[in-house]
Amino acid sequence: MTLLRHTPKEITERKALAINPAKTCQPIGAMYAALGIHGCLPHSHGSQGCCAYHRSTLTRHYKEPISAATSSFTEGASVFGGQANLLQAANNIFSVYEPEVIAVHTTCLSETIGDDLKQIITKARKDGKIPEGKEMLGASTPSYVGSHVTGFSNMVKSMVSTFAKNTNERNGKVNIIPGWVEPADMEEVKRIAAMMGVDITLFPDTSGVLNGPLSGEYRMFPEGGVTIEELKDSGNAIGTMALGEWCSADAARWLDSNCKVPCTVLDMPFGLKATDRFVDTLRVIAGTSVPDSLAHERGQLVDMISDMHQYTFGKKVAIWGDPDQLISMCEFLVSMDMWPVHVVTGTPGKRFEARIREITKDLPFDINVKAGGDMFLLHQWIKNEPVDLLIGNSYGKYIARDEDTPLIRWGFPILDRVGHQYFPTLGYKGGLRLLEKMLNAILDRKDRDDPEETFELVL
Amino acid sequence: MHGPVGCAAYTWDIRGALSSGRELHRLSFTTDLREKDIIFGGEPKLEAALMELIERHEPKAAFVYSTCIVGLIGDDLEAVCRKVADKTGIPVLPVQSEGFKGSKREGYLAACNAMFRLVGTADVSDIPELSVNIFGDFNIAGETWIIKEYLERMGLTVVASVTGDGRVDDLRRSHGASLNMVQCSGATLDLAKMIEEKYGKPHCRVSWLGIEDMADSLYKVAEFFADKDPEIMARTTELVRSELEGILPGLARYRKDLEGKKAAVYVGGAFKAFSLIKSFRHLGMEVAVVGSQTGTAEDYAELAEVTDPGTIIVDDANPLELQEFIKEKDVDVFVGGVKERPIAFKLGVGFCDHNHERKIPLEGFVGMLNFAKEVHASVMSPVWNFVPRREKRHRNAGKECSHDR
């Protein structure tokens, strides 16, 4: 078999060609974000293939039903504009599926022919296509700009710019924008806030939407998700915490400048230090203190790191995924004396490379980092400098197999394993889980590879 | 894939179409068009990408897929492909598959148009009279290999398989085969018709799913060659007999547990629905709900004829409707695609993937046994005893779901 043995070690610069992408396009991010609104049906304003692919990918990742609609562009719509399609769709959707809200995102096609979502939604409202008490919001998500992360950010920003109002009645709550994390991670943010006694508005919130139980009933709109009322009220919060510059900062800054809700942009709370900053910032904004129970969880994480640091020290890691997640994960790795030697995100942007270089500046060598890179380049780097561990989405399994290197699945999409729906990797508890996964991978490999005379029962 | 990154990312190695070759199709190549390319055109980027790719991997031919945005900005794919073909000396074929042009059906036609350019470009003098092409099979889980083995046992030479485990060199001489066997009419019927028109080689429709359709298809092919090879019918009869002998005892064992259980079938094309109805009958099961996304009026009339009275027949149903039908008929297993699987499970109903994500071959005689095994495993799973809605049903019936395997 020659599977993926098509990757040569010699690296030549490619300008026109991407091989094995480490990103996908904007709309799926907008779709995922929209699923974090209660009673929301995401709507793809483009050809039907886009919507089908996003739904299939999210279905494979979550193993949950994913509902979404499409404007089903034809040749005619591509010439004359998709307004008629969208108005008709809104009418049908509200009468057949009865969602609370429709969240529309554009595609490369509708963007390029110049469809103006704001104008179409206004017209829908005027023409009575949106029933009383129901809502519609839109985000511009051209596929040829940024990546899936950009699309997520654009939809989250639209949530506040469409709904948030400052009515001069501070509600005492803190907005937390978690970014593109798993439903389990969003649950963990809420749990930590509850431990600290802070009243928060979390958006988007896919917990309860994409990790629901088997109930014997299929519900198109499960219990979870942030409500439109909560989004409206986010303009009255005492502060906003945006977790992740790429995913969440735009929405937080919009609230800051338009609703006078002061914002703080933080790294996503993966790993010890980023979680420390998250907890500390939440404490300061809410004017509360850190409970012993949370300090206890932190202590447990530090305890496990110390117990096992002889096995993590100097381990080389190749890691790929999205900028916000990678920044925190690299910091976590470095704080455990592990070495992220190859770092790739498909999302373009030089700031990312600068951040990763800053985090890794004390390592005894220069690392490889690339924004706008792909899995082919990553594989070439690994061929030139092998690693002990791979951390990233399922697309790494080809490299894992070819190079015989253990892979920890973390990121999006995960198409061949489960667990990410239910177990957080965020916060101190999530840090414990991440570390457990890394140690299992490293020690399983050690047990497999050690010669008999050094194969040991106790590690 | 000439377009924005998503078009390539979402189609990257998502089908279990197995290959005995280089596995190059399991990599994803894209021009990853950016805003600048949309404004100034993507042709230079496409040319550079193709040149680099062809130089590195030295393929026998290259297919270039057009996407929505490429059709919209008017990149001249044809011209770029011609230029690259001239420079590299291999066929570079545009596939005009812009998403807004229509459904999958139009995409199939675009692919057939591209593939037809290769047909007739190689010598066919050594192809024997008793030869066929396998069209419309994708070698999911190695199914084409099963069919190919049957055909070879019948004494036939398989010239080309399109597109499962297909080869450019085979496609070039596919016009030399005496008969084109077309499954999945939507996908490759057009190619068969093109070959028929230009090279006078006839085609016949086949289905490799289920016992009857499988056997009928082989007999149909044998019939076609009967005057050239008087022994072929006897060999085919023997093949069917020995294959059935191999699977019938196994089927009977599964049938014991499945007798009287109910299925819901919701598939893309109607041809598959017909085969499935017959297959479920062999398991003693009733298809209580049946539907397709692309069925025609004639398809539904025929479905009404072959199903039992009271069967719900649906056209392009939404998930809420499917849920109602499944609950109303209290079905035990649902047959559908990737997006229906979690809906079935949420309802506490078993599932069989009969789409491109299936992991075991369901075609051929052995495929029928695999199908029975898969349906049995899902229908009889003890997990359904924990589902509130079904739990009640089992209580009412006064017995627990059988664990007898």
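Parameters and conventions
Residues numbered from 1 in each chain as written. Chains lettered and ligands numbered in written order. Predicted model: local features only at pLDDT ≥ 70, side-chain atom pairs only at ≥ 80, totals over all residues. Heavy atoms only, no water. Helix = DSSP H or I, 4+ residues; strand = E, 2+ residues; numbered from the N terminus. Rg over C-alpha atoms; globule rule 2.2 N^0.38 Å. Buried < 20%, exposed > 50% of the residue type's maximum accessible area, 1.4 Å probe, protein only. Contact = heavy atoms within 4.5 Å. Areas by Shrake-Rupley, 256 points an atom, 1.4 Å probe, with all protein chains shown as cover. Buried area = accessible area lost by both parts, 1.4 Å probe. Salt bridge = Lys/Arg side-chain N within 4 Å of Asp/Glu carboxyl O. Pairing = 2+ DSSP bridges. Axes fitted to C-alpha atoms, helices over the stretch in contact; angles between N-to-C directions. Left-handed = near helix turned anticlockwise from the far one by under 90°. Nonpolar A, V, L, I, M, F, W, Y, C, P; charged D, E, K, R; others polar. Parallel < 35°, antiparallel > 145°, perpendicular 65-115°, else oblique. Domains from an automatic or database assignment. Right-handed = clockwise from strand over helix to strand, strands pointing away.

Secondary structure assignment for chain A yields 17 helices and 14 strands. What you see for chain A is a C-alpha radius of gyration of 23 Å, in line with the 23 Å of a compact globule of 459 residues. In terms of overall dimensions, chain A has C-alpha extents of about 80 × 55 × 45 Å along its principal axes. For chain A, buried positions account for 60% of its 459 residues. Within chain A, residue pairs in contact and separated by at least 24 positions form 74% of the contacts whose partners lie at least 6 positions apart. Element-wise, carbon and sulfur atoms account for 50% of the exposed surface of chain A, whose accessible area totals about 17,400 Å².

Between chain B and chain A, the residue contacts involve 57 residues of the former and 59 residues of the latter. Buried area between chain B and chain A, both sides added, is near 5,200 Å², and the carbon and sulfur share of it is 64%. Ranking the residues of chain B by area buried against chain A places B:Tyr10, B:Trp12 and B:Lys346 at the top, with a combined share of 17%. At the junction of chain B with chain A, the criterion picks out 4 salt bridges.

Attention now moves to the sheet that holds strand β12 (residues 368-371) of chain A. To summarise the sheet geometry, strands pair through backbone hydrogen bonds and adopt either a parallel or an antiparallel arrangement. Residue and element names in this part refer to chain A. One open sheet holds the 5 strands; their spatial order is β12-β11-β10-β13-β14, and the pairing between them is parallel. Two strands in the sheet have a free side with no partner beyond their single neighbour: β12 and β14 (407-409). Strand-to-strand twist of the sheet, defined as the mean angle between neighbouring strand axes without regard to direction, takes the value 20°. In this sheet, β14 lies alongside strand β13 (residues 389-392) in parallel orientation, the contact comprising 3 bridges. Residue pairing across strands places Leu-390 opposite Leu-407, the latter belonging to β14. Strands β11 (339-345) and β12 of the sheet are contacted by helix α14 (residues 350-359), whose axis makes an angle of about 155° with β12. Sheet strands in contact with helix α15 (residues 375-384) are β10 (316-321), β11, β12 and β13, and its direction is about 160° off that of β11.

Time to look at the packing of helix α3 (residues 43-57) of chain B against helix α5 (residues 77-88) of chain B. Residues and elements named next belong to chain B. Running from amino to carboxyl end, α3 crosses α5 at an angle of 30°, the nearest separation of the two axes being 10 Å. Relative to α5, α3 is oriented so that their crossing is right-handed. Of α5, the residues touching α3 (which contributes Glu-43, Leu-46, Glu-47, Leu-50, Met-51 and Ile-54) are Leu-77, Val-80, Lys-83, Val-84, Lys-87 and Thr-88. Of the residues that constitute the contact of α3 with α5, the class distribution is 7 nonpolar, 1 polar and 4 charged.

In this section: the sheet that holds strand β6 (residues 174-177) of chain A. Residue and element names in this part refer to chain A. Spatially, β7-β6-β8-β9 is the arrangement adopted by the 4 strands of the open sheet, whose pairing is parallel. Strands with a single pairing partner mark the edges of an open sheet, and in this sheet they are β7 (200-202) and β9 (263-266). Averaged over all neighbouring strand pairs, the angle between strand axes comes to 20°, with direction disregarded. Pairing of β6 with β7 involves 3 bridges; the strand directions are parallel. From the neighbouring strand, Val-174 faces β7, where its bridge partner is Ile-200. Lying over the sheet, helix α11 (residues 272-286) contacts β6, β8 (239-243) and β9, oriented at roughly 170° with respect to β8.

All names here are of chain A. Residues Phe-203 and Pro-204 are joined by a peptide bond in cis, for which omega reads -10°. By secondary structure assignment, the location of Pro-204 is in the loop between β7 and α9 (228-233). A cis amide bond links Phe-412 with the next residue in sequence, Pro-413, at an omega value of -5°. Unusually for a residue other than glycine, Ser-72 sits at a positive phi of about 45°.

Considering the arrangement of structural elements, one finds B:Gly142 in the loop between β4 (131-137) and α7 (143-153). The spacing of B:Gly142 and B:Ile360 is 218 residues in sequence and 8.2 Å in space, taken between C-alpha atoms.

Residues and elements named next belong to chain B. At a minimum axis separation of 9 Å, helix α10 (residues 211-225) and helix α16 (residues 364-379) run at an interaxial angle of 175°. Comparing the axis directions of α10 and α16 gives the class roughly antiparallel. Between α10 and α16, the contacting residues are Ile-211, Met-214, Ala-215 and Leu-218 on the first element and Gly-364, Phe-365 and Met-368 on the second. By residue class, the composition of the contact of α10 with α16 is 6 nonpolar, 1 polar and no charged.

Once that is clear, we can look at the domain arrangement of chain A. Residue and element names in this part refer to chain A. By the assigned domains, chain A splits into domain 1 (26-163), domain 2 (174-290) and domain 3 (294-454). Placing a centre on the C-alpha atoms of domain 2 and another on those of domain 3 gives a separation of 25 Å. Of the residues lining the interface, 32 residues belong to domain 2; the matching set on domain 3 comes to 32 residues. A combined buried area of about 2,900 Å² lies between domain 2 and domain 3, and 61% of that area is made up of carbon and sulfur atoms.

Residue and element names in this part refer to chain A. Here β8 pairs with β9 via 4 bridges, running parallel. Bridge pairing in β9 places Met-241 opposite Thr-264. Between the parallel elements β8 and β9, the chain passes through helix α10 (residues 245-259) in a crossover that is right-handed.

Turning to the pairing of strand β2 (residues 40-45) of chain A, a few remarks are in order. Looking along a regular strand, one sees side chains alternate from face to face of the sheet. Residues and elements named next belong to chain A. For β2, a buried count of 6 out of 6 residues is recorded, marking the element as mostly surrounded by other parts of the structure. The alternating pattern of β2 places Cys-40, Pro-42 and Ser-44 and Leu-41, His-43 and His-45 on opposite faces, both of which are buried. The pairing of β2 with strand β4 (residues 101-106) spans 6 bridges and is classified as parallel. Counterpart to Cys-40 in the pairing with β4 is Val-101. Note that β2 and strand β3 (residues 69-70) share 2 bridges and pair parallel. Following the sheet pairing, His-43 is matched in β3 by Ala-69. For the crossover that starts at β2, traverses helix α2 (residues 48-62) and ends in the parallel β3, the hand is right-handed.

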